[in-house]
Amino acid sequence: MQLLLGQTVRFTADPFKTPLPESTIYERRGAVAINGDKIADVGPADDLRQKYPQAEVTEYGDALITPGFVDTHAHYPQTAIIASWGKRLIDWLNSYTFPEESRFGDPAHAAEIAETYFDLVTASGTTTTVSYCTIHPESVDAYFTAAAKRGLRVLGGKTCMDRNAPDTLQDTVQSAYDDSKMLLERWHGQDRLSYVITPRFAPTSTPDQLAALGALWAEHPEVLMQTHISEQHEEIAWVADLFPEARDYLDVYERFGLLGSGALLGHAIHLTDRERDRIREVEASLIHCPTSNMFIGSGLFDMAGLMDQGHRIGLATDTGGGSSFSMLRTMAAAYEVAQLRGHPLHPAQLWWLATEGSARALRMDDRIGTLEAGTEADLAVIDLASTQAIAQRAARAEDIWQAIFPTIMMGDDRAIKAVWANGACLKS
Ligand code: GUN
Ligand code: ZN
């Protein structure tokens, strides 16, 4: 038994639905007990020290012990081209993304980038990622191999594209189906790994490829499916051109069996009312990628409106269209985007989105994203005074959320004091 001591905040309800303080429990001197790979208990430090006198104690002082962050949409193969200057989505894909992704048939390159990627995300306190790989099965093997080595719970899949991409980066209807199925059978449920069926987005798949992936999903309803939707106006117009028979962007996916409760729909900025209603009806998840949306100039996600409507929403970096590996920076961007739409998100709502809310979007909140006893011991320990700028502001805080907010807005990997994954300390 391990006992980690520090400040803790836990959610007892969704802070978008239940006002504070009823939705949270805060301990100034809290403790999290870990038994093997699971959280065994959580509560006041004095109580848990008495209850578990034999436990090995790690003292984190004033640092905040939180569930590890959950990044619900990333492209690990874009690690090395993050922060590439200029362009709109389609030009950005053609100029930077596709040339780099073309290199991932080389297992050595894929392994090197996967290692770098997991070094960077774990240094940022993220313990679960959901990544697009490339069309190459080697890119999927590299991703899952690197994650398994670190004991991380991660999700991902082979990106499928059979048109509107360079020849070196296209599969076919058959190979997309066969390779996805082979990789799903190889990786799904191994260690803490989950396969995700991954058509990149409507413009880069033929109708036949979308149908083949829809068929694969019907054969494996236990896995999630991820894709992009309604990120930029030019993209939406292109989809309307490519699929004239579809009534809107969402309908393209629905026609081919790619809409359901296990769908993770990335961006979802410019949805029509019909699309919003239909997504709500099938209970698919929307994935908000705020640094990306500002970086590529895509638009302002309607967090408040969609939450009011009852949508299930995850938060994500969208590395490398997103400009950061850090969910702290991503929370800050979500705050800024919501401000531009006239809704200041509370720090508790931001923190919930980066942990439990994102786990819920993945339908994994029974396993990760909380401090609940019985869930997997994936934790981040946050120094709430990691820089002079943050420390001097946090010193004025009158409650825990005022103490956390400067780290959300100004924090980076210097704030991540320790990371635990599956009950083992990865970074300290
Ligand atoms: N739409 C299709 N592919 C991508 C991608 O790699 N990044 C972003 N931001 N949008 C996309
Ligand atoms: Zn993306």
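Scroll up to find the structure.
Analysis parameters
Residues numbered from 1 in each chain as written. Chains lettered and ligands numbered in written order. Predicted model: local features only at pLDDT ≥ 70, side-chain atom pairs only at ≥ 80, totals over all residues. Heavy atoms only, no water. Helix = DSSP H or I, 4+ residues; strand = E, 2+ residues; numbered from the N terminus. Rg over C-alpha atoms; globule rule 2.2 N^0.38 Å. Buried < 20%, exposed > 50% of the residue type's maximum accessible area, 1.4 Å probe, protein only. Contact = heavy atoms within 4.5 Å. Near = heavy atom within 4 Å. Polar contact = N/O pair within 3.5 Å; in protein donor to acceptor, adjacent residues only side chain to side chain. 1 Å grid on protein atoms, 1.4 Å probe; cavity = no way out; pocket = protein on both sides within 12 Å on 5 of 7 lines; lining within 4 Å. Sits in = over half its atoms within 2 Å of the grid points. Nonpolar A, V, L, I, M, F, W, Y, C, P; charged D, E, K, R; others polar. Donors = N, O, S within 2.8 Å, 3.2 Å for Na, K, Ca; no water. Tetrahedral: all angles 85-135°; square planar, octahedral: opposite > 155°, others 65-115°. Expected span 1.5 Å × (residues − 1). Axes fitted to C-alpha atoms, helices over the stretch in contact; angles between N-to-C directions. Parallel < 35°, antiparallel > 145°, perpendicular 65-115°, else oblique. Left-handed = near helix turned anticlockwise from the far one by under 90°. Core = buried A, V, L, I, M, F, W, Y, C linked by side-chain atoms within 4.5 Å. Points joined across faces, edges and corners; volume = space filled by probe spheres on them.

Asker: Is there a simple way to think about the overall build of the protein in this case?
Answerer: Secondary structure assignment for the protein yields 15 helices and 16 strands. Over its C-alpha atoms the protein spans a radius of gyration of 21 Å, differing by no more than 12% from the 22 Å that the globule rule assigns to 428 residues. Across its three principal axes, the protein shows a C-alpha extent of roughly 65 × 45 × 40 Å. Here the protein, with 428 residues, has 61% of them falling under the buried criterion. Put simply, 75% of the contacts in the protein that link residues at least 6 apart link residues at least 24 apart.

Asker: Can you help me understand the site of ligand 1 in this one?
Answerer: Near ligand 1 lie 13 residues; those nearest to it are His-75, Gln-78, Arg-200, Glu-231 and Asp-318. At a separation of 2.7 Å, an oxygen atom of ligand 1 approaches a polar side-chain atom of Arg-200. When atom positions are compared with the pocket grids, ligand 1 is found to occupy the largest cavity. For the shell around ligand 1, the element with the highest residue contribution is helix α2 (residues 89-101), accounting for three residues. Its residues placed into classes, the shell around ligand 1 shows five nonpolar, five polar and three charged.

Asker: Can you help me understand the coordination of the zinc ion (ligand 2) in this one?
Answerer: Reference geometry at the metal: tetrahedral coordination by four donors gives ideal angles of 109.5 degrees; octahedral coordination by six donors gives 90 or 180 degrees. Within the protein, the zinc ion (ligand 2) binds to His-73 (NE2), His-75 (NE2), His-228 (NE2) and Asp-318 (OD); these donor distances fall in the range 2.0 to 2.5 Å. Here the zinc ion (ligand 2) is ringed by four donor atoms whose angles at the metal span 89 to 161 degrees, and the overall shape comes out irregular. Expressed as a motif, the donor residue spacing for the zinc ion (ligand 2) is H-x1-H-x152-H-x89-D. Taken together, the residues span a long stretch of sequence, with His-75 in strand β5 (residues 69-75) and His-228 in strand β10 (residues 224-229) at a distance of 153 residues.

Asker: Quick question: what am I supposed to make of helix α6 (residues 207-219) here?
Answerer: Residues spaced three or four apart along an α-helix point in a common direction, a consequence of the helix completing one turn every 3.6 residues. Over its 13 residues, α6 extends 18 Å from the first C-alpha to the last, a length consistent with the 18 Å expected when each residue adds 1.5 Å. If you check which residues of α6 are buried, you get Gln-209, Leu-210, Ala-212, Leu-213, Gly-214, Leu-216 and Trp-217. Buried residues belonging to α6 abut β8 (159-160), α5 (173-187), β9 (193-199), β10, α8 (249-255) and β11 (263-267).

Asker: What exactly am I supposed to notice about the environment of Ala-424 here?
Answerer: When you line up the elements, Ala-424 lands in strand β16 (residues 424-427). For Ala-424, a relative accessible area of 39% gives the class partly exposed. Ala-424 sits 45 residues away from Leu-379 along the chain, and the two C-alpha atoms are 9.6 Å apart.

Asker: Hey, could you run me through the packing of helix α4 (residues 137-150) against α5 in this one?
Answerer: The geometry of a pair of packed helices is captured by two quantities: the angle between their axes and the separation between those axes. Interaxial distance between α4 and α5 falls to 11 Å at its minimum, and their mutual angle equals 20 degrees. Our classification of the angle between α4 and α5 gives roughly parallel. Crossing angle aside, the handedness with which α4 passes α5 is right-handed. Residues Pro-137, Val-140, Asp-141, Phe-144 and Thr-145 of α4 lie in contact with α5, whose contacting residues are Asp-179, Met-182, Leu-183, Arg-186 and Trp-187.

Asker: So what exactly am I meant to see when it comes to the nonpolar core here?
Answerer: Soluble globular proteins tend to pack their nonpolar side chains together in the buried interior. Tyr-76 and Trp-351 are the most contacted members of the largest nonpolar core, which has 101 residues in total. Residue contacts for Tyr-76: discarding those within four places in its chain leaves Phe-104, Ala-110, Ile-113, Ala-114, Tyr-117, Ser-131, Tyr-132, Cys-133, Ser-139, Ala-142 and Tyr-143.

Asker: Got a minute to help me understand unusual backbone geometry in this structure?
Answerer: Glycine aside, negative phi is the norm for most residues, and most peptide bonds take the trans geometry. Residues Leu-20 and Pro-21 are joined by a peptide bond in cis, for which omega reads 0 degrees. Looking at where Pro-21 falls in the secondary structure, it is placed in the loop between β1 (2-11) and β2 (24-35). A cis amide bond links Thr-319 to the next residue, Gly-320, at an omega of -5 degrees. Considering the arrangement of structural elements, one finds Gly-320 in the loop between β13 (312-315) and α12 (327-340).

Asker: So what exactly am I meant to see when it comes to empty space enclosed by the protein here?
Answerer: Gaps left between atoms show up when a probe the size of a water molecule is rolled over them. A complete count under the given rule lists two cavities of 30 Å³ or more for this structure. Space inside the largest cavity adds up to approximately 100 Å³. In this structure, the largest cavity is lined by 13 residues; those nearest its centre are His-75, Leu-89, Leu-93, His-228 and Glu-231. When residues in the lining of the largest cavity are grouped by element, the largest group, three residues, is from α2. For the lining of the largest cavity, the per-class residue count stands at five nonpolar, five polar and three charged. What lines the second largest cavity is Val-9, Arg-10, Phe-11, Thr-66, Pro-67, Trp-351, Thr-355, Glu-356, Gly-369, Thr-370, Leu-371 and Glu-372.

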